[in-house]
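# Fold and contact review
Chain residues, written in single-letter form:
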Amino acid sequence: MSIPSKTEGATPDASIADAGAAYSHKGLTYPLGRDGPGAGEVIAIADGVCWARLPVPGSLKHINIWLLDDPGSESGESPDGVAIVDTGLDIAPCREAWEALLAGPLAGRSVTRVICTHFHPDHIGLAGWLTERFGAPLWMTREEWLFARMLTADIRDTPPREAFAYWRAAGWDEERIAAEAEKGWGRFSSVVSPVPVAFVRMRDGDTIRIGARDWRVLVGGGHSPEHACLVDEAGGVMIAGDQVLPRITSNVSLSLSEPEADPLGDWLASIAKLKMLSDSPLVLPSHGEPFTGLHARLDALDHGHRKQLDALHAHLSEPRRAVDCFAILFARKIDDSVFGLATGEAMAHLRRLQVEGRAVRELRDGIHWYRAT
């Protein structure tokens, strides 16, 4: 999920020819228009590549999933095989949407593998359910698989002491901390089916043959630790996951599990890495519509975060906590539904300023106070 920042705006087996009218906006072109596949529908957008959508609660509304023709794989020959990229949340509406797809455009097809771009619940939520149902392997990068396994196993009545320290350091008041603690710990597993014990590892730079296409694994960071994009350079298609979204900026948060990390630095480095790709591919994002104009979007993402950092640096003329920085970073009022996300993103930006030597951090009574240098 993402919070709009101060620097941004926010038929079955149909084909690309049947999609809505193409249009351009802010340097991006949307060749399929504004509409996506409906419930139980797929849209064929390139040879051997189809697009479906699953529902997501809240402002995101949907996640895009990608269905790749896969007649032969390590699991054996399957003339009607299909590889699935990302799976949706383990909630009833998503399972119902999958049943409609499996009874409709995917009827009679066998799932050869399930690929997850990263560990977030809307991407891995039904991976276990699908792999169990079809006897198919799960493909992921190692860090993403490990995070998913860890988070589904870490269920307890009371949050760990590190969580209390994290919230207090950000400037949460005791009432908010108590309310959050009452929710317990381990909500991740409530929307994620059991993650398979075994998986097939994807590494940065690997080439994966799926059907008639060769997909290169390109790993990025910042939004998650080892996010996998799949790039078919010869075919001009890139499955971007959450690493490049057309209208919103993926959440980049400082995690309590690695409080001295620099996720925004990782994110900016990943943007530079992606800029080494051709500007021509059709980008398939996890949210929003397929688009072209990869470099324009990467430039906008980079500029947006650097502009936020400059504004935040000016705001730190006096010592501030993370919660004192929301109005500088976000275009919307931060309510309880996004308070945690906003906290993580504010801390990521403050940490980046600290790493750059543009701010110093002082710990007073468990609270981190940041001041510009």
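Refer to the structure above for everything that follows.
Everything in this summary refers to the structure shown in the same document. (Residues numbered from 1 in each chain as written. Predicted model: local features only at pLDDT ≥ 70, side-chain atom pairs only at ≥ 80, totals over all residues. Heavy atoms only, no water.)

### A closer look at unusual backbone geometry
- Positive phi, close to 70°, is recorded for Lys 61, a residue that is not glycine.
- With respect to the secondary-structure elements, Lys 61 resides in the loop between strand E5 (49–55) and strand E6 (62–69).
- Phi at Asp 86 is positive, roughly 70°, even though this residue is not glycine.
- The class for Asp 86 is buried, based on a relative accessible area of 1%. (Helix = DSSP H or I, 4+ residues; strand = E, 2+ residues; numbered from the N terminus. Buried < 20%, exposed > 50% of the residue type's maximum accessible area, 1.4 Å probe, protein only.)

### Section: the state of the cysteines
- Considering all chains together, one arrives at zero disulfides under this definition.
- No disulfide involves Cys 50; its sulfur sits 19 Å from that of Cys 116, the nearest cysteine.
- In this structure Cys 50 comes out as buried when scored by relative accessible area, which is 14%.
- With no disulfide partner, Cys 229 has as its closest neighbouring cysteine sulfur the one in Cys 116, 14 Å distant.
- For Cys 229, a relative accessible area of 0% puts it in the buried group. (Disulfide = S-S within 2.5 Å.)

### Focus: the packing of aromatic side chains
- One pass over the structure, following the stated rule, counts eleven aromatic pairs.
- With a centroid separation of 6.4 Å and an interplanar angle of 50°, the aromatic rings of Tyr 30 and Phe 291 are classed as tilted. With Tyr 30 in strand E3 (residues 28–30) and Phe 291 in the loop between strand E17 (282–285) and helix H8 (294–315), the pair connects residues that are 261 residues apart, well separated along the chain.
- Ring centres of Phe 119 and Phe 147 lie 5.0 Å apart, and the angle between their planes is 25°; on these two criteria the pair is classed as stacked. Linking Phe 119 in the loop between strand E10 (110–115) and helix H2 (121–124) with Phe 147 in helix H4 (residues 142–153), this pair joins segments that are 28 residues apart in sequence.
- Classification of Phe 119 by relative accessible area gives buried; the value is 10%.
- The class for Phe 147 is partly exposed, based on a relative accessible area of 24%.
- In textbook terms, an aromatic cluster arises when at least three aromatic residues are bridged by ring pairs, as seen for Phe 164, Trp 167, Trp 172, Phe 326, Phe 330 and Phe 339.
- Positioned above the aromatic ring of Trp 139 is the side chain of Arg 113, whose terminal nitrogen or guanidinium carbon lies 4.7 Å from the ring centre.
- The ring of Phe 339 carries Arg 176 above its face, with NZ or CZ at 3.6 Å from the centroid. (Phe/Tyr/Trp six-rings, centres within 6.5 Å; stacked < 30°, edge-to-face > 60°. Lys NZ or Arg CZ within 6 Å of the ring centre and 35° of its normal.)

### Structural notes on the environment of Glu 132
- The residue Glu 132 is located in helix H3 (residues 127–134) in this model.
- Overall, the relative accessible area of 67% leaves Glu 132 in the exposed class.
- Measuring from C-alpha to C-alpha, the distance between Glu 132 and Val 56 comes to 22 Å, with 76 residues separating the pair along the chain.

### Some points on the pattern of salt bridges
- For the structure shown, the criterion picks out 27 salt bridges.
- Between Glu 233 and Arg 216 there is a salt bridge, and its shortest N-O distance comes to 3.0 Å. Here Arg 216 lies in strand E14 (residues 213–220) and Glu 233 lies in the loop between strand E15 (227–232) and strand E16 (237–241), a separation of 17 residues in the sequence.
- Of the charged contacts in the structure, one is a salt bridge between Glu 260 and Arg 351, with a shortest N-O distance of 3.7 Å. (Salt bridge = Lys/Arg side-chain N within 4 Å of Asp/Glu carboxyl O.)

### Quick notes on the packing of helix H1 (residues 92–103) against H3
- H3 packs onto H1 with a crossing angle of 35° between their chain directions and a minimal axis gap of 12 Å. Considering the relative orientation of H1 and H3, their crossing is right-handed. Across the interface between the two elements, Arg 95, Trp 98, Glu 99 and Leu 102 from H1 touch Trp 129, Leu 130, Arg 133 and Phe 134 from H3.
- Grouping the constituent residues of the contact of H1 with H3 by class yields five nonpolar, no polar and three charged. (Axes fitted to C-alpha atoms, helices over the stretch in contact; angles between N-to-C directions. Left-handed = near helix turned anticlockwise from the far one by under 90°. Contact = heavy atoms within 4.5 Å. Nonpolar A, V, L, I, M, F, W, Y, C, P; charged D, E, K, R; others polar.)

### Some thoughts on helix H5 (residues 161–170)
- Within H5, burial applies to Ala 163, Tyr 166, Trp 167, Ala 169 and Ala 170. Taken end-on, H5 shows its buried residues confined to a sector of 165°, consistent with a single buried face.
- Packed against the buried residues of H5 are helix H6 (174–181), helix H10 (339–355) and strand E19 (367–372).
- At the exit of H5 stands Gly 171, carrying a positive phi of roughly 105°. (Arc of directions from axis to C-beta.)

### Some thoughts on the side chain of Gln 243
- Looking at the secondary structure, you find Gln 243 in the loop between E16 and helix H7 (263–274).
- At 3.1 Å, the side chain of Gln 243 forms a polar contact with the backbone oxygen of Gly 221.
- Ignoring sequence-local partners within four residues, the contact set of Gln 243 consists of Gly 220, Gly 221, His 227, Cys 229, Trp 267, Ser 270 and Leu 274. (Polar contact = N/O pair within 3.5 Å; in protein donor to acceptor, adjacent residues only side chain to side chain.)

### Some points on the packing of H8 against H10
- Put simply, H8 and H10 touch, their axes get as near as 10 Å, and they point 80° apart. In terms of orientation, H8 lies roughly perpendicular with respect to H10. Counted together, His 305, Gln 308, Leu 309, Leu 312 and His 313 of H8 and Glu 345, His 349, Leu 350, Arg 352 and Leu 353 of H10 form the full contact between these two elements.
- Its residues assigned to classes, the contact of H8 with H10 shows four nonpolar, four polar and two charged. (Parallel < 35°, antiparallel > 145°, perpendicular 65-115°, else oblique.)

### Structural notes on the sheet that holds E17
- One open sheet holds the five strands; their spatial order is E13-E14-E15-E16-E17, and the pairing between them is mixed. Two strands close off the open sheet at either side, each with one partner strand: strand E13 (207–210) and E17. Neighbour-to-neighbour, the strand axes of the sheet open up by a mean angle of 25°, direction not taken into account.
- Alignment of E16 against E17, held across four bridges, turns out to be parallel. (Pairing = 2+ DSSP bridges.)

### Overview of the nonpolar core
- Within the largest apolar cluster, 50 residues are counted, with the highest numbers of intra-cluster contacts made by Met 238, Val 244, Leu 316 and Phe 326.
- Top element by residues in this core is H10. It accounts for seven residues. (Core = buried A, V, L, I, M, F, W, Y, C linked by side-chain atoms within 4.5 Å.)

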